[in-house]
Amino acid sequence: MGGKTLFSKIIDREIPADIVYEDDECLAFRDINPQAPTHVLLIPKKPIAMVSEATVADTALLGMLLLKAGDVARQLGCEEAFRLVVNNGAGAGQTVFHLHIHILAGRPLGWPPG
Ligand code: AMP
């Protein structure tokens with residue numbers, strides 16, 4: 001079929017990454033092209049392409065990812081102010097089709113977002 005995503009290759013250590021957190025269900029690593037002093041990607045190990053392709057069977061997984069995002073932010077010392085971004089679809093800027101949460105922090109984060 002479509003083959004492994006780039007992020008599945010990072011999970012399987014076929015591509016190197018600066019990993020900051022890992023457990024049985026998810027992995028967090030620093031973005032290769034950071035948009036803020038702290039820019040980490042949190043991904044489920046299950047290769048869901050995007051939020052709109054998740055199903056009710058993924059309810060617990062999706063909830064867990066939000067909790068883990070808070071844990072990772074705490075671990076990185078940016079729990080006071082951080083932004084979570086999930087791009088869904090190419091039109092929204094998604095370039096890697098393996099669901100991921102951007103964790104951004106360390107600079108003023110304007111609103112509305114671009
Ligand atoms: P998105 O545009 O929402 O799909 O986000 C994909 C993100 O993956 C971008 O911010 C990229 O900079 C990042 N990225 C692409 N390749 C790598 C890689 N090998 N290691 C870490 N981050 C990557």
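Source: prediction; values computed, not measured.

Some details on the layout of surface pockets
Of the pockets and cavities examined, the largest pocket occupies roughly 320 Å³. If you trace the largest pocket, you find 20 residues lining it, with Leu6, Phe7, Asp31, Ile32 and Leu41 closest to the centre. Among the secondary structure elements, those contributing two or more residues to the lining of the largest pocket are α1 (6–11) and β2 (26–30). Among the elements that take part in the lining of the largest pocket, α1 stands out by supplying three residues, more than any other. Of the residues belonging to the lining of the largest pocket, the class tally is ten nonpolar, seven polar and three charged. As a volume, the second largest pocket reaches approximately 170 Å³. Contributing to the lining of the second largest pocket are Gln35, Arg83, Val85, Leu104, Arg107, Leu109, Gly110, Pro112, Pro113 and Gly114.

Digging into the sheet that holds strand β1 (residues 19–22)
With antiparallel pairing, the five strands of this open sheet are ordered in space as β1-β2-β3-β5-β4. Among the strands making up the open sheet, the edge pair consists of β1 and β4 (83–85). Taken pair by pair, the neighbouring strands of this sheet meet at an average axis angle of 20 degrees, ignoring direction. The pairing of β2 with strand β3 (residues 38–44) spans five bridges and is antiparallel.

What counts as what
Residues numbered from 1 in each chain as written. Predicted model: local features only at pLDDT ≥ 70, side-chain atom pairs only at ≥ 80, totals over all residues. Heavy atoms only, no water. 1 Å grid on protein atoms, 1.4 Å probe; cavity = no way out; pocket = protein on both sides within 12 Å on 5 of 7 lines; lining within 4 Å. Points joined across faces, edges and corners; volume = space filled by probe spheres on them. Helix = DSSP H or I, 4+ residues; strand = E, 2+ residues; numbered from the N terminus. Nonpolar A, V, L, I, M, F, W, Y, C, P; charged D, E, K, R; others polar. Pairing = 2+ DSSP bridges. Axes fitted to C-alpha atoms, helices over the stretch in contact; angles between N-to-C directions.

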